[in-house]
Amino acid sequence: MRRAAVIFALSVFIPSLVLGWLALRSLRDQRLAFERQRFQLAQEAADAVASALAAEVDELGRELGRQTEAILGTNAPESAAWTFDEQLRAAWPPAEVGFAVQLDREVCSPSVFDPRGKSQAFHRNNRDFLIGLQSVEVFALTPKGRINLSAPPVRPQPKVTPTDQFRNVLPEQAPGIPSQALNSKLQTAKADFTQLVGDAQEGVIARRLGDQIKILVWHRSARDARFVFGAQLDRDNLVHRLATRLNNDPALSEEFGMALLDEHAHPLVRRPEALSVQQWRHPFAAAEIGEALPNWEVAVYERDPGRPAAVAIAFQWTLGTLVVGLLAIIGTGGWLVFRDTDRERRLARRRSDFVGNVSHELKTPLTSIRMYAEMLSEDRVPDPERRRQHLGVIAAEAARLSRLVEGMLDFARLERGDTVAAATNPIDLSSVIRPALEVHRSRLQEEGIAIRCAFPSHLPCVRADPDAITQILVNLISNVEKYAVSGRELVVELEAVPEPDAGPGYVLLRVGDRGPGVPPSDQERIFEEFYRVHDALDSGVTGAGLGLALARRLARAQGGELLHRPREGGGSWFVLKLPMA
Ligand code: ADP
């Protein structure tokens, strides 16, 4: 038993548990991989749009170059420089302020005397920087890439300030992505305009002024390298230009929305335009546009943040339930196999008990028969009365032997699956019970067992085989003789139980005694083949444990049932239940 349990645990239960655990783990990993993939998709979309926007700013730089050359026309840069602001703004709307600088000397345009507030502010903020008197913190780009500040060296290493290490908008932490990977790579450097221009022809400079980012694009004419022409870009115009480039990938647009955020993480452009987000500062993924437009970001938002989680959870639940269900099936199947094996094992043990019992049963009468037969054959019993008695014993024991063999043959027949003849004629049970009882009456009375019968005057018929009913009754009576003689009573009752709701009802045959009864735990098992209650085994009462098993099979073959019920006041009831005809 213990061995079977260990084998079951090792071969079925533990592997199933391990498999289930692995399946659940891989489910969790799959969910993480799914989330990571989503994040990567969103991040790639943000990166792609951010570089498109950076290219648009570069394009503005090139446009400025063309505008400048057109304004200069055939004139020398020196003569056009003084009216450059007015001419540029008239021709090119992206310019908020146009400027012309003679490097290291003076700002030619806009004029110091220009009454426009924007021109005056431009002077205030940029004059010293433009003519090389002041170094300011800038993000700078030339067409060759990020400006090289090592020649001439302003500082051996560009100064990296901690605030520049991170974006304004910190994207949500995505599972499996290290937080460093989300840091901004943009750095600022302190330099004046002359240093930034160096020997390049054009470039973009972004600087923080107050709480705003200002973008300066500049161009140097090949005709006179001392003059640099440029423009401070108009913010509204710039946003308008960038809006045309902010296109969300249609494949993602169902799941994600996109926005262009300014340096304060305020949405300037939204895709779709109706996109509404509770916290603009917490996008799902984001990309900074670059040195050309620092601290402006392309941010990607989940349109329904609960949905992917709900889908993933539903998926996980479905698979999880499946795994648990399969485990339960394996467990139940294993348990059934285990129970079946255990039943077989118990049956095998009972069979071996049975062989012992039967041998004993056969041996007892055979011994008496042999002994008396020998005595008679050797003429050792002269008294004719004694001889008759001995012959009587031989006949009785031979009858017992044949009953035993018959019982075993009956059982073997039923065991093989041969059905008992199904009865077709309705019979009155009392007409079968009465004569069967009469056969045993005198013997029972000799044993001191009083017979009490209670048969109603009218009883509905049942459809049953009279021989089968007689055999059931005989087996029950024989058990009363074997196990319940002490009660000195045998009660046989018949009763009709109509069932108005379900079918025609039943006729009950009850056989009761006042013997020791059957322990509650054995009340079902006594009907199993070869099963004998321990007390019966110890008492020396012979038996093979087949009588009740056979009786129950006969009852069921008639469409009925045989049950044991404890009797109030001690003893047993054996109840045969047969459906009315
Ligand atoms: P057997 O009599 O050969 O042992 P049965 O199938 O007739 O086999 O009975 C099974 C067991 O049920 C018996 O061993 C006995 O312990 C118990 N039993 C049967 N009838 C009675 C009864 N009237 N009173 C108490 N125990 C009984």
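Now for a look at the structure at hand. (Residues numbered from 1 in each chain as written. Predicted model: local features only at pLDDT ≥ 70, side-chain atom pairs only at ≥ 80, totals over all residues. Heavy atoms only, no water.)

Some remarks on the sheet that holds strand β18 (residues 561-566)
Here is the rule we go by: At least two DSSP bridges between two strands are required for those strands to pair. In DSSP terms, a helix is any run of H or I states spanning at least four residues, a strand is any run of E spanning at least two, and both are numbered starting from the N terminus. Each axis is a line fitted through C-alpha atoms, and for a helix only the stretch in contact is used; angles between axes span 0 to 180 degrees, taken between their N-to-C directions. Here, two residues are considered to be in contact whenever any of their heavy atoms come within 4.5 Å of each other.
The 5 strands are arranged β14-β16-β17-β19-β18 in an open sheet whose pairing can be described as mixed. If you trace the sheet from one side to the other, it starts and ends with β14 (450-454) and β18, each paired once. For this sheet the average axis-to-axis angle between neighbouring strands, irrespective of direction, equals 15 degrees. Pairing geometry for β18 and strand β19 (residues 572-579), over 6 bridges, is antiparallel. Within β19, the residue paired with R565 across the bridge is W573. Sheet contacts for helix α10 (residues 429-446): β14, β16 (489-497), β17 (506-513) and β19; angle to β16, the most-contacted strand, approximately 175 degrees.

Regarding the sheet that holds strand β9 (residues 256-261)
What the 4 strands build is an open sheet, ordered β10-β9-β12-β11; its pairing is antiparallel. On the outer flanks of this sheet lie β10 (267-271) and β11 (285-288), each paired with one strand and no other. The mean angle between the axes of side-by-side strands here comes to 20 degrees, regardless of whether they run parallel or antiparallel. Pairing geometry for β11 and strand β12 (residues 297-302), over 4 bridges, is antiparallel.

Details of the pattern of salt bridges
Our working rule: Take a side-chain nitrogen of Lys or Arg and a carboxyl oxygen of Asp or Glu: if they are within 4 Å of each other, that pair is a salt bridge. Exposure is judged per residue with a 1.4 Å probe applied to protein chains only, and the accessible area is read against the type maximum: over 50% gives exposed, under 20% gives buried, and values in between give partly exposed.
Across all of its chains, the model carries 33 salt bridges by this definition. Salt-bridge contacts for R241 lead to E63; the nearest nitrogen and oxygen are separated by 2.8 Å. Placement of the pair is R241 in helix α6 (residues 235-243) and E63 in helix α1 (residues 2-72), with a sequence separation of 178 residues. Each member of the pair, R241 together with E63, is buried. When salt bridges that share partners are traced, they join E56, E63, R241 and R245 into one network.

Notes on the pairing of strand β7 (residues 212-220)
Counting buried positions along β7 gives 7 out of 9 residues, so the element sits mostly inside the fold. Relative to β7, strand β6 (residues 202-209) runs antiparallel, the two sharing 8 bridges. Bridge assignment links L209 to a residue of β7, and that residue is Q212. Count of turn residues in the β6/β7 antiparallel hairpin: 2 residues, of which G210 carries a positive phi of about 60 degrees. In the sheet, β7 pairs with strand β8 (residues 227-233) via 5 bridges, with the strands oriented antiparallel. Bridged to W218 within β8 is G230.

A closer look at helix α3 (residues 84-91)
Worth spelling out the cut-off: Summarising the geometry, the arc corresponds to the directions from the helix axis toward the C-beta atoms.
Taken residue by residue, α3 has F84, D85 and L88 as its buried positions. Around the axis of α3, the buried residues are gathered within 95 degrees of arc, so they sit on the same side. On the buried face of α3, the contacting elements are α1, α2 (77-80), β1 (95-102), β2 (106-109), α4 (117-130) and β8.

Topic: the packing of aromatic side chains
A ring pair, where both rings are aromatic, is described by two values, the distance of the centres and the angle of the planes. What counts, and what does not: Only Phe, Tyr and Trp rings take part, Trp by its six-membered ring, and two of them pair if their centres are within 6.5 Å. Stacked means planes under 30 degrees apart, edge-to-face means over 60, and tilted covers everything else. In this analysis the charged atom, NZ for Lys or CZ for Arg, is taken to sit over a ring once it is within 6 Å of the ring centre and within 35 degrees of the ring normal.
Taken as a whole, this structure holds 9 aromatic pairs when the rule is applied. Measuring from centroid to centroid gives 6.0 Å for F39 and F284, while their planes differ by 70 degrees, and the two rings are edge-to-face. A residue pair is termed long-range when its members are at least 10 positions apart, and F39 in helix α1 and F284 in the loop between β10 and β11 qualify at 245 residues. In terms of burial, F39 and F284 fall into one category: buried. An angle of 85 degrees between the planes, with centres 5.2 Å apart, marks the rings of W280 and Y301 as edge-to-face. With a gap of 21 residues between them, W280 in the loop between β10 and β11 and Y301 in strand β12 connect regions that are remote in the sequence. Pair check on accessibility: W280 and Y301 agree, each one buried. The residue whose ring lies beneath R38 is F284, and the NZ or CZ to ring-centre distance is 5.2 Å. Above the plane of the ring of F129 lies R207, whose end atom (NZ or CZ) is 5.3 Å from the centre.

Some details on the site of the ligand
Operational definition: Definition of nearness: a residue and a molecule or strand are near each other if at least one heavy atom of the residue lies within 4 Å of the molecule or strand. Counting of polar contacts relies on pairs of N or O atoms within 3.5 Å, with two restrictions inside protein: one atom must be capable of donating a hydrogen and the other of accepting it, and residues adjacent in sequence are counted only when both atoms are side-chain atoms. For the area figures, the Shrake-Rupley method with a 1.4 Å probe applies, and any residue is considered shielded solely by the protein chains shown. Side-chain classes follow a simple rule in which Ala, Val, Leu, Ile, Met, Phe, Trp, Tyr, Cys and Pro form the nonpolar group, Asp, Glu, Lys and Arg form the charged group, and the remainder, Gly included, forms the polar group.
Lining the immediate surroundings of the ligand are 19 residues, of which Y483, R532, A544, G545 and L548 lie closest. Here D513 contributes a side-chain N or O atom positioned 2.9 Å from a nitrogen atom of the ligand. Take G545: an N or O atom from its main chain is 2.9 Å from an oxygen atom of the ligand. With the chains in place, 96% of the 540 Å² that the ligand exposes on its own is no longer accessible. Residue assignment for the shell around the ligand shows that the elements contributing at least two residues are α11 (466-483), α13 (547-557) and β19. When residues of the shell around the ligand are assigned to their parent elements, the largest contribution, 3 residues, is made by α11. Residue composition of the shell around the ligand, grouped by class: 10 nonpolar, 6 polar and 3 charged.

Focus on the nonpolar core
Spelled out, the test is: By nonpolar core is meant a set of buried Ala, Val, Leu, Ile, Met, Phe, Trp, Tyr and Cys residues that side-chain atoms within 4.5 Å join together.
Among the nonpolar cores identified, the biggest contains 51 residues, and I433, L437 and L490 are the most heavily contacted of them. Of all the secondary-structure elements, those providing two or more residues to this core are α8 (306-377), α9 (384-416), α10, α11, β16, β17, α13 and β19. It is α11 that contributes the most residues to this core, 7 residues altogether. Setting aside residues up to four positions removed in sequence, L490 forms contacts with L437, L444, I449, A450, I451, R452, I477, V480, V511 and G512.

All we've got here are geometric facts, nothing functional implied.
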